[in-house]
Amino acid sequence: MPSSSLLEDLESQQIDGFLSYDIHHNLKEKYGISYYELEKIALENDIIPLKYKRNANSIKPNEQLKLLTSKVAIIGCGGLGGNISEYLARIGIGNILLMDFDKFDEHNLNRQNYSTVESLGRYKVDVAKESISKINPSVRVFTCKEKFDGDFEPLKEYEIIVDALDSPKTKLLLAKKAKQYSKTFVHGAIGGFSIQTATNSTLQTIYRDVTGGAETTLGNLPFVASFCASLQASEVVKSILGKGELFEDGIFFADLLDNEFFIV
Amino acid sequence: MKNSIEVTIKLFAQYREGKFKVEKRTYPEGTSAIEIIKDIGIDIETFPIGVLIVNGRHVGEEHILKDGDTFSVFPKVGGG
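Since the model is a prediction, treat every value here as computed from it, not as a measurement.

(A) Spotlight on the pattern of salt bridges. Enumeration according to the criterion identifies 18 salt bridges over all chains in this entry. Among the ionic pairs, D9 of chain A bridges to K30 of chain A, the shortest N-O distance being 2.7 Å. Of this pair, D9 of chain A sits in helix 1 (residues 4-13) while K30 of chain A sits in helix 2 (residues 21-31), and the two are 21 residues apart along the sequence. Between R25 of chain B and E23 of chain B there is a salt bridge whose closest N-O contact spans 2.8 Å. Relative accessible area serves as the criterion here: at 22%, R25 of chain B is assigned to the partly exposed category. The exposure class assigned to E23 of chain B is partly exposed, which follows from its relative accessible area of 29%. Three or more residues joined by partner-sharing salt bridges are found here, namely D258 and E260 of chain A together with R16 of chain B.

See the structure below:
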């Protein structure tokens with residue numbers, strides 16, 4: 001239970017139901033608790049951190065609390081995972097696991113969020129964690145610098161597993177693991193101007209073998225990566241809140257070259 | 001003498017280059033999905049096959065097409 005003086009401070013310092021960053025920070029220091037814990041107490045008392053003001057009525061206060069306490073694992077922190085993690089952090093998902101063994105390389109700069117000339121050579125998940133702490137310090141980011149090889153016990157603790165991996169081989173392994181653990185599985189893949197996404201698919205009809213796809217010849221483009229990442233982030237949020245429609249009955253394909261979009 | 005079937009073929013993304021978006025083609029009865037893909041001359045070495053759809057349903061490469069089917073061929077994408 002939060003102390004009554006903390007609640008009194010929150011009550012007296014909120015402005016029109018909103019909690020500014022300065023007050024959030026000061027109260028966190030005063031009571032020796034984390035940004036996350038203070039945010040949870042505020043939301044439980046219908047006080048909205050000001051940073052979420054433009055989530056407005058799309059995300060209601062009780063839903064904002066639900067997002068804060070949710071746990072999402074993002075496997076892969078490249079073109080997809082970098083963007084997905086930022087979107088989820090900004091909207092207020094409170095617990096994010098990032099798994100990627102790789103370090104930023106110069107050829108990542110065309111599309112990978114968080115990559116800069118200064119972050120070259122650094123682990124992607126370390127840079128991501130630092131960046132997220134500057135965007136939304138309430139988010140608890142857990143990192144793992146290993147290559148996903150089909151087995152990763154901590155996934156059991158997360159309610160949603162996001163596929164941001166870069167090969168059909170590992171994507172299939174992750175889909176299998178998500179099914180085994182009965183987790184919501186949000187798939188996304190890109191190549192050239194094309195993307196695909198699907199939720200709770202085993203990927204069996206998408207990948208009949210483990211070889212790479214068009215991306216091995218055509219590479220990956222920035223707006224294609226962020227487009228796919230947006231759809232995946234949207235699937236995650238809707239799944240947590242239990243509202244809207246998911247890409248569960250088919251695979252969504254988009255070809256941004258010919259501007260064609262469909263579900264098959 | 002086998003009967004022939006007419007199939008509407010839809011190609012997507014890279015498969016269209018130098019080919020077509022939609023075309024009706026005639027094949028002998030019993031023709032499979034992979035036989036049509038090879039007949040069209042799609043470069044599946046460079047752009048491996050992704051999803052195959054016949055009349056809105058996922059099928060395998062050995063699926064036998066019927067007269068009047070619509071067959072859609074998507075290249076594989078697996079990047080992140």
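That shown, we press on.
(B) Looking closely at the packing of helix 3 (residues 35-44) of chain A against helix 4 (residues 61-69) of chain A. Residues and elements named next belong to chain A. Relative orientation of the contacting elements helix 3 and helix 4 amounts to 155°, with a least axis distance of 9 Å. Of the possible angle classes, the one that applies to helix 3 and helix 4 is roughly antiparallel. Seen along the crossing, helix 3 lies across helix 4 with a hand that is left-handed. On the side of helix 3, the interface is formed by Y36, E39, K40, L43 and E44, while helix 4 contributes P61, Q64, L65, L68 and T69. A per-class count over the contact of helix 3 with helix 4 returns 5 nonpolar, 2 polar and 3 charged.

(C) Up close: the interface of chain B and chain A. Taken residue by residue, the interface counts 23 residues in chain B and 36 residues in chain A. Summed over both sides, the interface between chain B and chain A buries roughly 2100 Å², with carbon and sulfur atoms accounting for 56% of that surface. Inspection of the region where chain B meets chain A yields 3 salt bridges. The tally of links between chain B and chain A comes to 14 residue pairs in polar contact (both at pLDDT 80 or more). A total of 5 residues in the side of chain B that touches chain A trace back to one element, the largest contributor, which is strand 3 (residues 49-54) of chain B. In terms of residue class, the side of chain B that touches chain A is built from 11 nonpolar, 8 polar and 4 charged.

(D) Spotlight on the pairing of strand 3 (residues 71-75) of chain A. Residues and elements named next belong to chain A. The element strand 3 is extensively covered by neighbouring structure, given that 4 of its 5 residues are classed as buried. The pairing of strand 3 with strand 4 (residues 95-99) spans 5 bridges and is classified as parallel. Directly across from V72, in strand 4, lies its bridge partner I96. Since strand 3 and strand 4 lie parallel, the crossover through helix 5 (residues 79-91) that links them has a hand, and here it is right-handed. In terms of strand pairing, strand 3 meets strand 6 (residues 160-163) through 4 bridges, oriented parallel. Bridge pairing in strand 6 places I74 opposite V162.

(E) A look at the sheet that holds strand 4 (residues 57-58) of chain B. Residues and elements named next belong to chain B. Ordered by their spatial adjacency, 5 strands build an open sheet running 2-1-5-3-4, and the pairing between neighbours is mixed. Among the strands making up the open sheet, the edge pair consists of strand 2 (22-28) and strand 4. Two elements, strand 1 (residues 4-11) and strand 2, share 7 bridges in a ladder whose sense is antiparallel. What sits directly across from V7, in strand 2, is R25. Of the strands in this sheet, strand 1, strand 2, strand 3 and strand 5 (70-75) touch helix 1 (residues 33-40), which is tilted by about 115° from strand 2.

(F) Representation of a nonpolar patch on the surface within the structure. Residues and elements named next belong to chain A. On the surface, F193, F223 and L257 cluster together to form a nonpolar patch covering roughly 280 Å² of accessible area. By the secondary structure assignment, F223 is in helix 9 (residues 222-241). For F223, a relative accessible area of 44% gives the class partly exposed.

(G) Structural view of the packing of aromatic side chains. What the rule picks out here adds up to 8 aromatic pairs over all chains. Considering the side-chain rings of F193 of chain A and F223 of chain A, the 6.1 Å spacing of their centres and the 50° angle between planes classify their relative orientation as tilted. Placement of F193 of chain A in the loop between strand 7 (184-191) and strand 8 (194-199) and of F223 of chain A in helix 9 is noted, with a sequence separation of 30 residues between them. Ring plane angle 20° and centroid distance 5.0 Å describe the contact between F247 of chain A and F252 of chain A, whose orientation is recorded as stacked. The exposure class assigned to F252 of chain A is buried, which follows from its relative accessible area of 11%. An aromatic cluster is built from F253 and F262 of chain A together with F12 and F74 of chain B, whose rings are joined through pairwise contacts. Across from the ring centre of Y35 of chain A, 4.8 Å away, lies the NZ or CZ of K28 of chain A, which sits over that ring. Between the NZ or CZ atom of K145 of chain A and the centre of the ring of Y123 of chain A, over which it lies, the distance is 5.0 Å.

(H) Here's a closer look at unusual backbone geometry. Residues and elements named next belong to chain A. Of note, the phi angle at N200 is positive, near 60°, even though the residue is not glycine. Within the secondary structure, N200 sits in the loop between strand 8 and helix 8 (215-218). Even without glycine at this site, N259 takes up a positive phi of about 50°. Here N259 is to be found in the loop between strand 9 (252-255) and strand 10 (260-263).

Thresholds, definitions, all that
Residues numbered from 1 in each chain as written. Chains lettered and ligands numbered in written order. Predicted model: local features only at pLDDT ≥ 70, side-chain atom pairs only at ≥ 80, totals over all residues. Heavy atoms only, no water. Salt bridge = Lys/Arg side-chain N within 4 Å of Asp/Glu carboxyl O. Helix = DSSP H or I, 4+ residues; strand = E, 2+ residues; numbered from the N terminus. Buried < 20%, exposed > 50% of the residue type's maximum accessible area, 1.4 Å probe, protein only. Axes fitted to C-alpha atoms, helices over the stretch in contact; angles between N-to-C directions. Parallel < 35°, antiparallel > 145°, perpendicular 65-115°, else oblique. Left-handed = near helix turned anticlockwise from the far one by under 90°. Contact = heavy atoms within 4.5 Å. Nonpolar A, V, L, I, M, F, W, Y, C, P; charged D, E, K, R; others polar. Buried area = accessible area lost by both parts, 1.4 Å probe. Polar contact = N/O pair within 3.5 Å; in protein donor to acceptor, adjacent residues only side chain to side chain. Pairing = 2+ DSSP bridges. Right-handed = clockwise from strand over helix to strand, strands pointing away. Patch = residues over 30% accessible without salt bridge, like charges linked within 9 Å, V, L, I, M, F, W, Y side chains within 5 Å. Areas by Shrake-Rupley, 256 points an atom, 1.4 Å probe, with all protein chains shown as cover. Phe/Tyr/Trp six-rings, centres within 6.5 Å; stacked < 30°, edge-to-face > 60°. Lys NZ or Arg CZ within 6 Å of the ring centre and 35° of its normal.

Any functional reading would require information that these geometric values do not contain.
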